[in-house]
Structures are given as C-alpha cells and as structure tokens.
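Residue-level listing of the chains:
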Amino acid sequence: MATALRPHESIALPAPRLPRDVSLAEALERRASAREFAGRPLDLATLAGLLWSACGVNRPQNAHRTAPSARNWQEIDVYVVTAEGIHVYDAARQALRPIDSGDHRAATGLQDYVARAPVNLVLVADYARMADASNESRNLYAAMDAAFVAQNVYLYCAAAGLACVVRGLVDREALARVLRLAPAQRVIAAQSVGYPL
Ligand SMILES: Cc1cc2nc3c(=O)[nH]c(=O)nc-3n(C[C@H](O)[C@H](O)[C@H](O)COP(=O)(O)O)c2cc1C
C-alpha cells in the first residue's frame with residue numbers, strides 16, 4: 001500500500017520491512033547509483049525499513065544505532081522530503097515528526113531528477129551535539145558520520161530493490177532555510193530514493 005504522508009502530523013512508523021532473504025554479498029553486488037525513479041511513493045513499511053537501516057536504533061538497551069558516529073554523538077538527523085511535505089526521522093520513537101507541508105523536493109538538489117524522486121533524504125549534522133570538538137573535527141566527523149548513514153541507505157536500497165543516489169550537489173544555505181534548520185545545523189548531503197523506472 002503506497003501511503004501519502006500527512007504533512008501536519010507526527011507519524012508512527014510501522015514495523016520496518018527488512019529484506020532478510022538478501023545476503024550482504026548480494027546487496028554489495030547490487031549497490032549502485034541510479035537517477036531514474038518511478039513516480040509512485042514508497043509504502044510506509046519500506047520507508048520505515050529505509051530509515052531504520054539509515055540510522056535507526058538497533059540496540060535499545062543503550063540506544064545505539066545502525067550507523068556508527070564519532071564519540072556516539074549521533075549528530076546526523078535524516079530529513080524526509082516527499083511530495084506531501086517535510087518530516088524529520090525520530091529514531092528513538094521510530095516516527096516522523098512534521099516540519100512543513102507542500103512539495104519541496106526540488107529544493108533538495110540542483111539536478112532535474114530530484115523533483116521527481118518520491119523520497120529525498122537530507123542528512124543534516126547538528127554541530128551543537130559536537131560542542132566540545134574543534135571546528136575542523138566537527139567538519140570531518142560530520143562528513144564521515146553522514147557517509148555511514150548514506151551507505152546504509154545504499155545497501156538497504158540494493159537489498160530492497162530500490163533506486164538511490166547520494167548527492168553532494170546541493171544549495172546548502174537555501175535548503176537549510178527550507179528545512180527550517182537552527183544555526184548550528186548543517187546540510188551535509190542529500191539522497192534520492194524511489195522504485196526504479
Ligand atoms: C560524496 C558524493 C557526492 C555525490 N554527489 C552526487 C551528486 O550531487 N549528484 C549525482 O547525481 N551523483 C552524485 N554522487 C554519485 C556519484 O556520481 C556516484 O557514486 C559515482 O558516479 C559512482 O557510481 P556508483 O555509485 O553507481 O558506483 C555522489 C557520490 C558521492 C560519494
């Protein structure tokens with residue numbers, strides 16, 4: 001069931017769809033960038049699987065995540081931009097919190113396909129969570145930690161039969177305004193996801 005995300009509401013995500021019948025070796029063999037997407041939205045269980053794989057809580061006993069982060073800062077937030085609106089992934093609650101309504105997909109990148117991808121993830125680092133590090137360290141670790149999240153997304157897409165591409169070509173300042181980021185939050189990268197054409 002393809003589910004439209006209600007733009008003004010928090011959304012409790014269902015149990016994540018995790019393709020357990022695909023081996024890591026198969027996922028690595030299939031991992032690739034793709035820039036053409038079918039128009040239909042992701043079903044909610046698949047979106048839940050995508051986000052849990054990206055940086056969900058995989059050890060509830062200590063709230064650690066599927067992606068590592070320097071000093072366990074967990075400074076990367078995943079914003080989810082769809083035709084309906086903008087949400088931010090709340091990993092602790094396996095939920096989506098609303099940011100804005102409307103179709104802002106085109107603002108997540110500088111390439112045409114971005115506006116057509118059903119889901120654009122934006123990986124945002126919150127420098128306030130890295131307060132005791134130098135600026136150089138924060139830049140380095142934010143980029144590294146976002147890359148782990150992006151690779152988890154790539155591998156989930158490879159396993160689940162989804163098309164995906166990570167993107168550095170982004171107008172970060174304009175997108176920060178669209179996402180309503182605080183001054184300490186920085187857009188690191190974006191990632192388009194959808195069913196293949
Ligand atoms: C840090 C980074 C930034 C990238 N930025 C873009 C981008 O802005 N737009 C795009 O279409 N692809 C982007 N890519 C995807 C690369 O072009 C792609 O990974 C590369 O051509 C290799 O293809 P493959 O991923 O299928 O192996 C980026 C990849 C990385 C790792």
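A. Up close: the sheet that holds strand β5 (residues 85-90). Overall, antiparallel pairing links the seven strands, which are arranged β1-β6-β5-β4-β7-β9-β8 in an open sheet. Each having just a single partner strand, β1 (11-12) and β8 (163-167) make up the two edges of the open sheet. Its contacts with the sheet put helix α2 (residues 44-55) on β1, β4 (76-81), β5, β6 (95-101), β7 (119-126) and β9 (185-194), and the angle it makes with β4 is roughly 160°. The sheet strands contacting helix α3 (residues 135-160) are β4, β7, β8 and β9, and the helix crosses β9 at an angle near 10°.

B. Molecular detail of the nonpolar core. Membership of the largest hydrophobic core comes to 48 residues, with the highest contact counts inside it found for Leu-47, Leu-50, Leu-51, Leu-96, Leu-121 and Val-193. For this core, the elements supplying multiple residues, two or more each, are α2, β4, β7, α3, β8 and β9. With nine residues, the top contributor of residues to this core is α3. In this view, Leu-51 contacts Leu-13, Gly-56, Val-78, Val-80, Tyr-89, Leu-96 and Leu-121; residues no more than four positions away in its chain are not counted. Within the second largest apolar cluster, 13 residues are counted, among which are Tyr-79, Val-88, Leu-175 and Leu-181.

Calculation rules
- Each chain carries its own residue numbering, running from 1 in the written order of its sequence.
- With the structure being a predicted model, the display of local features is reserved for residues of pLDDT at least 70 and the display and counting of side-chain atom pairs for 80 or more, all residues being used for whole-chain, interface and lining totals.
- Excluding hydrogens and water, the side-chain values take into account all heavy atoms of the structure.
- Should DSSP find at least two bridges between two strands, the strands are taken to pair.
- Only DSSP runs of H or I covering at least 4 residues are called helices, and only runs of E covering at least 2 are called strands; the numbering of each starts at the N terminus.
- Should any heavy atoms of two residues lie within 4.5 Å, those residues are counted as being in contact.
- Between N-to-C directions, angles span 0 to 180 degrees; the directions come from axes that are lines fitted to C-alpha atoms, helices contributing only their stretch in contact.
- Side-chain atoms within 4.5 Å link the members of a nonpolar core, which is a set of buried Ala, Val, Leu, Ile, Met, Phe, Trp, Tyr and Cys residues.
- When accessible area is computed with a 1.4 Å probe and restricted to protein chains, residues below 20% of their type maximum are described as buried, those above 50% as exposed, and intermediate ones as partly exposed.

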